[in-house]
Amino acid sequence: GFHLIGEVFDGNPAALARYQRWGIDGLLDFPMYFAVRDMVRNGETGTRFNQAVLNARQNIPFDDFMGTFIDNHDVPRFVNQVRREREEKLAQALMFLFTYTGIPVMYYGTELPMDGGAEHTGRAMMDWETEPQFRDLVTVLNGLRADYPALTEGDFDIVKRSISSFAFARWDEDEVFITVLNNADEDRRLDIEIPEEMQRDYRWALPVLIDENGEPVAPGVPDLDPVRIRRGEIRLNLPEYTGVVIRLSESRD
């Protein structure tokens, strides 16, 4: 009657899959941790990231039970692994964390973000004095998961991958969300084709990472207007090292 999650420090999905088959519901998803770190932090290609995602999903039998994370007590904090555009890349990683399959596991202080390079400095006491720079982003993302089952129980599909970008969709019979990451060091126009089974009557793509005034909630979240879907395609202009989560809608509101 309870969910059991364990830790196996291994980037091989097949190795983690054995523990699920032996009875542990889920494990910390180290294969995806390494994949996100390599793409967002190191600038690995979206096509290589795509292969890592496919490899994990093909090998792990119950990926919805995995614990998705971007840093924890055993590795350097995410921002200490990034040399430039720290805030923008952390925002990208958080978007992935809360919209990918599995259960988000967020390390304390990531929302500030706290520093912590080596293992033990990453375990420093929580800094309660600093105003969290990413609190609003985490709040919005977590609220979306609470309000829309598509982000917790919905299907998953990769809808775009290229040298410098990656996009995936989460959907159910009621909602479709698409997370898009631009990992290039320059602005890019990304044309995202919606799979036929998702198109239905949707006409607009609405950015959802905004506050009550319609402003972006964090660095790394671009200021975008609703985008008209034309012939099953979404055309987005994303600045360098940014990401966006959009919800498909029948109307512009």
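In case you missed it, the structure is sitting above this.
Note that the structure is a prediction, hence the values are computed from the model and not measured.

Engineer: Hey, could you run me through the packing of helix α1 (residues 13-21) against helix α3 (residues 46-59) in this one?
Structural biologist: Axes are the key here: two packed helices are described by the angle between their axes and the distance separating the axes. For the pair α1 and α3, the least separation of the axes is 9 Å and the interaxial angle reads 25°. What the angle tells us is that α1 and α3 run roughly parallel. α1 and α3 meet at a crossing whose hand is right-handed. Here P13, A14, A17 and R21 of α1 lie close against α3, whose contacting residues are N55, A56 and N59. Grouping the constituent residues of the contact of α1 with α3 by class yields four nonpolar, two polar and one charged.

Engineer: What exactly am I supposed to notice about the side chain of D63 here?
Structural biologist: Among the structural elements, D63 can be located in the loop between α3 and β3 (67-68). At 2.8 Å, the side chain of D63 forms a polar contact with the side chain of R57. When sequence neighbours within four positions are dropped, the list of residues in contact with D63 reads R57, T101 and G102.

Engineer: Any chance you could explain the side chain of Q92 here in plain terms?
Structural biologist: If you trace the backbone, Q92 turns up in helix α4 (residues 86-99). The class for Q92 is buried, based on a relative accessible area of 1%. Residues in contact with Q92, not counting those within four places in the same chain, are V40, L181, N182, N183, Y241, T242 and G243.

Engineer: Teacher, can you tell me more about the pattern of salt bridges here?
Structural biologist: If the charged atoms of two oppositely charged side chains come close together, the side chains can form a pair. Within this structure, the stated rule accounts for eleven salt bridges. In this structure, the salt-bridge partner of R57 is D63, at a minimum N-O distance of 2.8 Å. The class for D63 is buried, based on a relative accessible area of 17%. Ionic pairing is found between D191 and R235, a salt bridge with its closest N-O pair at 4.0 Å. Of the two residues, D191 sits in strand β8 (residues 188-193) while R235 sits in strand β11 (residues 233-238), which places them 44 residues apart along the sequence. Each of R189, D191, E233 and R235 takes part in one network of salt bridges that share partners.

Engineer: I would appreciate a short explanation of the pairing of strand β9 (residues 204-207) in the present structure.
Structural biologist: Taken residue by residue, a regular strand's side chains alternate between the two faces of the sheet. By the alternation rule, side chains of β9 split into W204 and L206 and A205 and P207, which are all buried. Judged from the two bridges that link them, β9 and strand β10 (residues 227-228) form a sheet pairing that is antiparallel. Following the sheet pairing, W204 is matched in β10 by R228. Alignment of β9 against strand β12 (residues 242-249), held across four bridges, turns out to be antiparallel. Its bridge partner being in β12, P207 is matched across the sheet by I246.

Engineer: I'm lost on the nonpolar core in this one. Help?
Structural biologist: As a rule of thumb, nonpolar side chains are buried together in soluble globular proteins. By size, the foremost hydrophobic cluster in this structure holds 39 residues, and its most contacted members are M32, F49, V53, I70, L94, L137 and L209. For this core, the secondary-structure elements that each account for two or more residues are α2 (30-41), α3, α4, α5 (135-147), β5 (155-161) and β6 (165-171). For this core, the element with the most residues is α4, which contributes eight residues. Ignoring any residue separated from it by four or fewer positions in sequence, one finds M32 in contact with F49, A52, V53, A56, F96 and Y100. Within the second largest apolar cluster, 22 residues are counted, among which are V159, V180, M198 and L236.

Engineer: Explanation requested: α3 in the structure shown.
Structural biologist: Each full turn of the α-helix corresponds to 3.6 residues, which orients residues three or four apart in the same direction. With 14 residues, α3 ought to run about 20 Å at 1.5 Å a step, and its terminal C-alpha atoms sit 20 Å apart, in line with that. Buried within α3 are the following residues: G46, F49, N50, V53 and A56. All buried residues of α3 lie within an arc of 130° about the axis, which places them on one face of the element. Those residues of α3 that are exposed and aimed more than 90 degrees away from the buried face are R48 and Q58. On its buried face, α3 sits against α1, α2, α4, β5 and β6.

Calculation criteria
- Residues numbered from 1 in each chain as written.
- Predicted model: local features only at pLDDT ≥ 70, side-chain atom pairs only at ≥ 80, totals over all residues.
- Heavy atoms only, no water.
- Axes fitted to C-alpha atoms, helices over the stretch in contact; angles between N-to-C directions.
- Helix = DSSP H or I, 4+ residues; strand = E, 2+ residues; numbered from the N terminus.
- Parallel < 35°, antiparallel > 145°, perpendicular 65-115°, else oblique.
- Left-handed = near helix turned anticlockwise from the far one by under 90°.
- Contact = heavy atoms within 4.5 Å.
- Nonpolar A, V, L, I, M, F, W, Y, C, P; charged D, E, K, R; others polar.
- Polar contact = N/O pair within 3.5 Å; in protein donor to acceptor, adjacent residues only side chain to side chain.
- Buried < 20%, exposed > 50% of the residue type's maximum accessible area, 1.4 Å probe, protein only.
- Salt bridge = Lys/Arg side-chain N within 4 Å of Asp/Glu carboxyl O.
- Pairing = 2+ DSSP bridges.
- Core = buried A, V, L, I, M, F, W, Y, C linked by side-chain atoms within 4.5 Å.
- Expected span 1.5 Å × (residues − 1).
- Arc of directions from axis to C-beta.

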